[in-house]
Amino acid sequence: MRNTGGDGMQKKLPFVLINPRNTDNCMSWHRTLLRINLSAGTTSTEALNMNWAGDYLGQRGLGSKYLYEEMDPAADPLGPENRLIFATGPLTGTMASTGGRYSVITKGPLTHAIACSNSGGRFGAELKNAGYDLLIIEGRAPKPVYLYIENDRVEIRDATALWGRSVWETEDLLLQQHQDPQLRIASIGQAGENLCHYACVVNDRHRAAGRSGVGAVMGSKQLKAIAVRGTGGTRTDNPDAASFMRTVQSINARLTGKAGYSRDGTLAMMDVTNSFGSLPTRNNRGVQFEGANRLNAEAMQTPNAHGHTNLVRNAACFGCTIGCGRICKIDPQHFSVRDKPQYHGASGGLEYESAYALGAAVGVDDIDAATYAGFLCNEYGMDPISLGGTIAAAMELFETGALTEADTGGLTLRFGSAEALCTLAELTGRGQGFGREIALGSRRLCEKYGHPELSMSVKGQEFAAYDGRSMQGMGLAYATSNRGACHLRADPYGHDFQTTDTAGKAEVVKNSQDVVAFMDSTGLCLFPSGAGWKLEDYCELVDTACEGDWDAARAREVGERIWNLERLFNLQAGLTRADDTLPRRILEEPAPSGVGKGLVARLDVMLPEYYQLRGWNEQGQPEPALLERLGLSAA
Amino acid sequence: MKLRLKLLGSLRAFLPAGAGFNTTTLDLTPATTLGMALQSLSIPQQSTYLVLLNGELIPDTAYPDTVLQEGDELTLFPPIKGG
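Cut-off values and rules
- Residues numbered from 1 in each chain as written.
- Chains lettered and ligands numbered in written order.
- Predicted model: local features only at pLDDT ≥ 70, side-chain atom pairs only at ≥ 80, totals over all residues.
- Heavy atoms only, no water.
- Core = buried A, V, L, I, M, F, W, Y, C linked by side-chain atoms within 4.5 Å.
- Buried < 20%, exposed > 50% of the residue type's maximum accessible area, 1.4 Å probe, protein only.
- Contact = heavy atoms within 4.5 Å.
- Buried area = accessible area lost by both parts, 1.4 Å probe.
- Salt bridge = Lys/Arg side-chain N within 4 Å of Asp/Glu carboxyl O.
- Helix = DSSP H or I, 4+ residues; strand = E, 2+ residues; numbered from the N terminus.
- Pairing = 2+ DSSP bridges.
- Axes fitted to C-alpha atoms, helices over the stretch in contact; angles between N-to-C directions.
- 1 Å grid on protein atoms, 1.4 Å probe; cavity = no way out; pocket = protein on both sides within 12 Å on 5 of 7 lines; lining within 4 Å.
- Points joined across faces, edges and corners; volume = space filled by probe spheres on them.
- Expected span 1.5 Å × (residues − 1).

## A closer look at the nonpolar core
All names here are of chain A.
- Judged by nonpolar contacts, the single largest core of 170 residues is most densely connected at Leu413, Phe497 and Phe518.
- If near-sequence neighbours (up to four positions away) are discounted, phenylalanine 518 is found in contact with Leu57, Leu535, Tyr538, Cys539, Val542, Trp550, Ala555, Val558 and Gly559.
- Ile36, Ala115, Val214 and Ile226 belong to the second-largest nonpolar core, a separate cluster that totals 30 residues.

## A word on the interface of chain A and chain B
- With 29 residues of chain A at the contact, the number on the chain B side is 19 residues.
- Approximately 2000 Å² of surface area, both sides summed, lies buried where chain A meets chain B, with 65% of it carried by carbon and sulfur atoms.
- At the boundary of chain A with chain B, the tally comes to 2 salt bridges.
- The residue Asp264(A) makes a salt bridge to Arg12(B) at a minimum N-O spacing of 2.7 Å.

## Section: the pairing of strand E3 (residues 50–53) of chain B
All names here are of chain B.
- Alternating positions in E3 separate into two faces, Leu50 and Leu52 on one and Val51 and Leu53 on the other, with burial throughout.
- As paired elements, E3 and strand E5 (residues 73–77) share 4 bridges and run antiparallel to each other. The partner of leucine 52 across the bridge, within E5, is threonine 75.
- Across 2 bridges, the pairing between E3 and strand E4 (residues 56–57) is antiparallel. Along E4, the bridge assignment pairs leucine 53 with glutamate 56.
- Hairpin connection of E3 to E4: 2 residues between the antiparallel strands, including asparagine 54 at a positive phi of 50 degrees.

## What about the sheet that holds E5(B)?
- The mixed open sheet is built from 5 strands, whose spatial order is E2-E1-E5-E3-E4 (chain B). Where the open sheet ends on each side, the last strands, each with one partner, are strand E2 (23–27) and E4 of chain B.
- Judged from the 5 bridges that link them, strand E1 (residues 2–7) of chain B and E2(B) form a sheet pairing that is antiparallel. Paired with Lys2(B) across the two strands is Asp27(B), which belongs to E2(B).
- Along the sheet, helix H9 (residues 269–276) of chain A contacts E1, E3, E4 and E5 of chain B; its crossing angle with E5(B), the most-contacted strand, is approximately 130 degrees.

## Quick look at empty space enclosed by the protein
Residues and elements named next belong to chain A.
- Evaluated as defined, the whole model comprises 3 cavities of 30 Å³ or more.
- Counted as a void, the largest cavity has a volume near 70 Å³.
- Taken together, Pro280, Asn283, Asn284, Tyr356, Ala361, Gly389, Ala392, Met456, Glu462 and Phe463 make up the full set of residues lining the largest cavity.

## Focus: helix H7 (residues 241–252) of chain A
All names here are of chain A.
- Look at H7: 16 Å from first C-alpha to last across 12 residues, which is about the 16 Å you get at 1.5 Å a residue.
- Within the span of H7, buried status applies to Ser243, Phe244, Thr247, Val248, Ile251 and Asn252.
- Contacts from the buried residues of H7 go to helix H21 (535–545).

Laid out in structure tokens, this is it:
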């Protein structure tokens, strides 16, 4: 492998025509990154650092490496010093199943930690097929702009007319303007413009790089959208394309468990967690929701009293053979949309996480209200998990008297109020009224009103849809996740559903964090690993497509390197061992029901063991021997 | 004796015809054990799943000795993940 990093070329606006791509050695990296400096108004390309690609693979890993090398981790996440990186993986844009993923990597305004948010849809594959492995955005534009990429043609364009528009309006206007129905767009809505701390980058209308506020970083740079058209395709390391496709077909046949995801989507999880007692309910006061049967997969597929069925069909991202996405319609007679015909059409519906956050977390069992709030998240560009988690915290603050109607602008915020949910989603998306405070996220909201303990978050990021008392491994995974509470940074599910005993949890969490970090760097989705694929299947695809030998041992080492690099970023950003914790409720208040009834999260037992397994000292800092082994000593 | 059986997630594909979305009724002879009941289901042998009996997690080592009762609720779910 050779280092081709370094050389670049620059031109001023309006656009540049450049093609430095290396085609002498076909492999599924394009070996090219596109750099945009919004302050200077310049675009340039550079050869990808292939030494880094060998060590970090792509997408999450490689994007994190560039972020770490290029910015001061202590910088203001909403300042021009922050980088915003769109990163594809080597398998993005290939015909490997689920090969449409990209990640947005930056410093997150919600957490002040490294943020890496992953999305599907078709945008990532289009960016890759335009010829770019990474897109690095620097600085801040003096006025709203959008980026137009058509293969080698790269333009920074005026977006004054788009500013103030929603994600959906922005996509419609750009498609109309460019008259290209195959243009793929990633954009922010009003929430990103208003610097909502958990604003998303949304692509293809309802797929999102959703967590940690990556959309607010885009908004802070006055970058409204990125519109991409790529027709170059993505080659693999194997000169015989049919051979790569045979590997793809062979590995696809191992997706033996995909039917459940296709049929019921991720929402199939709700009955499991509700039965088990790990469905966070009413700001984690409870772990089982009596209204779950009105939000679950059955409710989504069953006609209501008006004969309306929420689910229209399933949907798949680029190259996906699973199709877990939900396309849904709100009952036109529902109060939320009765006078709003613009919401009567089909769009991205509830997934398990959004059904939890906009349902059980706020005590709402109205599937149409939750679907409406989810539509607004896509339209305005907000993370539904953090929005729901913050509204849940506000409801508890209100019910305990810490918040009053004088604070909320007259709104009564009680658990179970579908009206309050819908109104707050509207206000937050638009940046109006009490919605401006909901946009802060639960940690800042609860601190402001004197009850920081009521924020169900880690490092400022709201919990996903699993309670860390009945699922002890998930509690540890939340506490140690580099991007704040997250259900997709480790894979403790199987172990947690087998036992609440803490023995072995630290090892499961540590090992799966490394594996997931690798998978997140391939360009593939994590869900095949829940539908039959093993780590070795991901490795076989990478190995077939990329230069070098990619086996499971190397994959684990790459994942471990990524995890530790993210950790170093966070330590240099000012985070400490004290940030590897859980809210007091999870540590001290026993779970009230379910399999984990009577349990609290035993972080006191698991965290020291986890640090030891990681090769970190008692302060949670990587030891020199570990850094040397992973080639991170210089870092 | 009659029991309520819930097959969650991908397991619901193995419900008998005429069952609800993910629920059916099992009609078993008295003194049937959990192990015997699970063997009587049409779930493929290679399938992996976990068992809740009246909301309590039952380890597989206890299947042979757990005697089912009239009115029990049996919930089976695969080690599903994600969200």
